[in-house]
Amino acid sequence: MAINLVDELLSTATPIKRPRASLGGASHNGPGHTPSNRTSTPANSNIHSSGSRPTNPLPTRLASSPVVGSSPGGSGSMTASPSNGVPFASRTQKFEVQESLNADRFPVPPTAQAATDGRIKLFSSMDPKKFVYRYQFERMMERSEVLDATIDEAAEALRDMYNITEEFGDPGAQTQEDVIVVGRLCAEADGMKMSDTTTWLESSRTLGAGHRVLLKFEEGCQMLGGPPGDDIFPFFPGALVGLRGRNGGGKMFGVSHVWMLPPIDAPATTPSELLRNQYGTGEKQLAGQPLSVITAAGPFTVDANLNYEPLDALITRAGSEKPDALILIGPFVDSEHPLIKNGDVDQTPTEIFRDQISPRLVKLAAASRRTTVLLVPSARDLISNHLAYPQSPFIKDAALEIPKGVRLVSNPATFSINEVVFAVTSVDTIFHLRNQEFTRKVVPTGSLPEGQELENAVTRSCRSLLRQRSYYPIFPTPLGGKGIDPISLDITHNDLVKMGSTGPDVIILPSKMKHFARNVESTVIVNPQYLTRGNGAGTYARLSIHPIAKGELEYKRDHVTREGGDKDEPIEHEVWDRCRADIIKI
């Protein structure tokens, strides 16, 4: 039987989180905190009814109709190139690295490891029970209160970070002097795209009586709090922003300055605990060796059949490499698979999982005792009885025959492997952001540092996710179509989608966008793309996180490293600086 990720949260073992007074709202932990200086580097080549899902047998053959492939990669400039029709069994470039982060600083990890027992401790920072809720029972007042609260929290974060002393204004009130307002960007109507002339600001009841007002961006509009030299500001529905300007006629707010929310703080741990985790030689310790993680996202079988050959290839590889963790992200039994959509199957989803996926997990457990497997659900998973986002973990159903030790986590999920904080979601947030946003030229914050390149659009979308402190910052959610899977966002459970008081060290965001691994504001963001593309091979990601230098940790454990500080004071993990991330062809 599977074991849910409900390990008791041991406060003495979880990473110590640095207070972030600069973040305001519910996460304000006290004055006197200096926000972490999280940096960013450009991309480097080296570098969504009621009730539960039915589990009864699928219908017999339906009337034939054209069916798109289950693999989400489609056409268009924002998606990856097609698989060129090469069958999976005839694929080339097997296990070749397609892209890397920090490849110039760390060697390629070995393809075979010695058999050892588990070397890691796994902790959840989310309570899985909170994800088991009744959805489609939202009350309008509850939704309104949650949306208002997010605006008010953003206002406090802006006030703390940028030392704003004046009172925030009402964007809908007529004024002849400049005021600072905070709110949520929205389109003129649901389903419409935002543009330079159709962008509105919605205030909270506390700050502006819930008014909505049309925005007019002035020439020379300046961005505050953005990355130096970047003259592009991304606007999308749901984005929380601060604006300076005036509403001279009472009908339109003229914007002269726009504030980006401040960076989220980094997680921190004491040097003594880092020494134990990274250099200890006992149980659940790494003995100075890198932490290794492999992650892949479904579909896990090609469109032509339900034999799960790509998953088998991945499990075989993992059995050889013996990573400390294998993170598999759904869909596992995909509702969009052509054979399932056409009814060309004679098994239930549970039977498919039992016969095709569970035996391979058993195979991995036999080949690599040290590998902990985590399963993340998708809204397209037929074995999931939860359709809304945030999504509960898979149910521990004995009929699935999931082997003991496999961890079932929520969507999204935040957990720690030793001190390293990981976040995962199966929703294609990056593609949704790119589809919904429009960009506008602004006067940048400072000048571009010498030798640094301007950010591309994907990096900018990753920054939006981090600054908004949410794994899905878009509201309202986009309608389906044009390659977008519809998402049923339960806004009354928005707290389960938020990042919390500190950000993760690593975020895994599978997307139909071209695969990437990059450092964005001191967070490693990885898009492993999908394991299959139509009938062809896709990609997965391998992370090798090296330890901090032992001498450096010992010094910081035994000495006061800053004025007014203490010995063994928590330090940031700086995973971005010690992680090699490879995108690999299956």
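Residues numbered from 1 in each chain as written. Predicted model: local features only at pLDDT ≥ 70, side-chain atom pairs only at ≥ 80, totals over all residues. Heavy atoms only, no water.

With respect to burial, strand β8 (residues 240-246) is a largely interior element, five of its seven residues being buried. Bridge analysis of strand β4 (residues 179-187) against β8 gives six bridges, and the strand direction is antiparallel. Looking at the pairing, I180 lines up with R244 of β8. Looking at chain direction, β8 and strand β9 (residues 252-259) are connected through five bridges and run antiparallel. Among the inter-strand pairings, R244 is bridged to a residue of β9, identified as H257. (Buried < 20%, exposed > 50% of the residue type's maximum accessible area, 1.4 Å probe, protein only. Helix = DSSP H or I, 4+ residues; strand = E, 2+ residues; numbered from the N terminus. Pairing = 2+ DSSP bridges.)

All right, on to the packing of aromatic side chains then. Each aromatic ring pair is specified by the distance between its two centres and by the angle formed by the two planes. Enumeration according to the criterion identifies eight aromatic pairs in this entry. Considering the side-chain rings of F332 and F394, the 5.7 Å spacing of their centres and the 70 degrees angle between planes classify their relative orientation as edge-to-face. Placement of the pair is F332 in the loop between β12 (325-329) and α5 (338-341) and F394 in the loop between β13 (372-376) and β14 (407-408), with a sequence separation of 62 residues. Accessibility classification places F332 together with F394 in one group, the buried group. Taking 6.0 Å as the distance between ring centres and 10 degrees as the angle between the ring planes, the aromatic pair formed by F415 and F422 counts as stacked. Judged by relative accessible area, which is 0%, F422 ranks as buried. Taken together through their ring pairs, the aromatic side chains of F217, F233, F235 and F438 make up a single cluster. If you follow R134 out to its NZ or CZ, it ends over the ring of F137, 3.8 Å from the centre. Lying across the ring of F95, R317 places its NZ or CZ 4.3 Å from the centre. (Phe/Tyr/Trp six-rings, centres within 6.5 Å; stacked < 30°, edge-to-face > 60°. Lys NZ or Arg CZ within 6 Å of the ring centre and 35° of its normal.)

So, about the environment of K129. Here K129 is to be found in the loop between β3 (122-124) and α1 (140-162). A residue is classified by how much of its surface remains accessible, and K129, at 63% relative accessible area, is exposed.

Here we come to the pattern of salt bridges. Within this structure, the stated rule accounts for 31 salt bridges. With its nearest N and O atoms 3.1 Å apart, the salt bridge here joins R578 to E419. Separated by 159 residues along the polypeptide, R578 in helix α10 (residues 575-578) and E419 in the loop between β15 (413-417) and β16 (420-424) bring together distant segments of the chain. In the salt-bridge network here, residues are joined through shared partners; they are R317, E321, R542, R580 and D582. (Salt bridge = Lys/Arg side-chain N within 4 Å of Asp/Glu carboxyl O.)

The strand order β3-β15-β16-β18-β20-β19 describes an open sheet built from six strands, whose pairing is mixed. In this open sheet, the two strands that pair with only one neighbour each are β3 and β19 (516-520). Averaged over all pairs of adjacent strands, the angle between their axes in this sheet comes to 25 degrees, without regard to strand direction. Here β16 runs beside strand β18 (residues 506-508); their pairing, made up of three bridges, is parallel. (Axes fitted to C-alpha atoms, helices over the stretch in contact; angles between N-to-C directions.)

For the rest of this paragraph, the subject is helix α8 (residues 457-468). The first and last C-alpha atoms of α8 sit 17 Å apart over 12 residues, in line with the 16 Å expected at 1.5 Å per residue. In terms of burial, α8 is largely enclosed, as 11 of its 12 residues are buried. N-capping of α8 is provided by N456, with a side-chain oxygen placed 3.3 Å from the backbone N of V458. Where α8 ends, the next residue or the one after it, R469, has phi of about 60 degrees, a positive value. (Expected span 1.5 Å × (residues − 1). Polar contact = N/O pair within 3.5 Å; in protein donor to acceptor, adjacent residues only side chain to side chain.)

Attention shifts here to the pairing of strand β17 (residues 438-441). Where burial is concerned, the two faces of β17 differ: the one with F438 and R440 is buried and the one with T439 and K441 is not. Bridge analysis of strand β7 (residues 232-235) against β17 gives four bridges, and the strand direction is antiparallel. Residue pairing in the sheet places P234 in a bridge with T439 of β17.

Let's shift gears to the confidence of the model for the protein. Mean pLDDT over the protein: 84, with 84% of residues reaching 70 or higher. The low-confidence segment residues 73-83, where pLDDT is below 50, has 17 contacts with residues more than four positions distant or belonging to other chains. (pLDDT = per-residue confidence, 0-100. Contact = heavy atoms within 4.5 Å.)

Right, let's talk about the packing of helix α7 (residues 429-436) against α8 for a bit. Running from N to C, α7 and α8 point in directions that differ by 105 degrees, and their axes come no closer than 10 Å. What the angle tells us is that α7 and α8 run roughly perpendicular. Residues T429, I430, L433 and R434 of α7 form the contact with α8, whose own contacting residues are A457, V458, S461, C462 and L465. Residue classes in the contact of α7 with α8 are distributed as six nonpolar, two polar and one charged. (Parallel < 35°, antiparallel > 145°, perpendicular 65-115°, else oblique. Nonpolar A, V, L, I, M, F, W, Y, C, P; charged D, E, K, R; others polar.)

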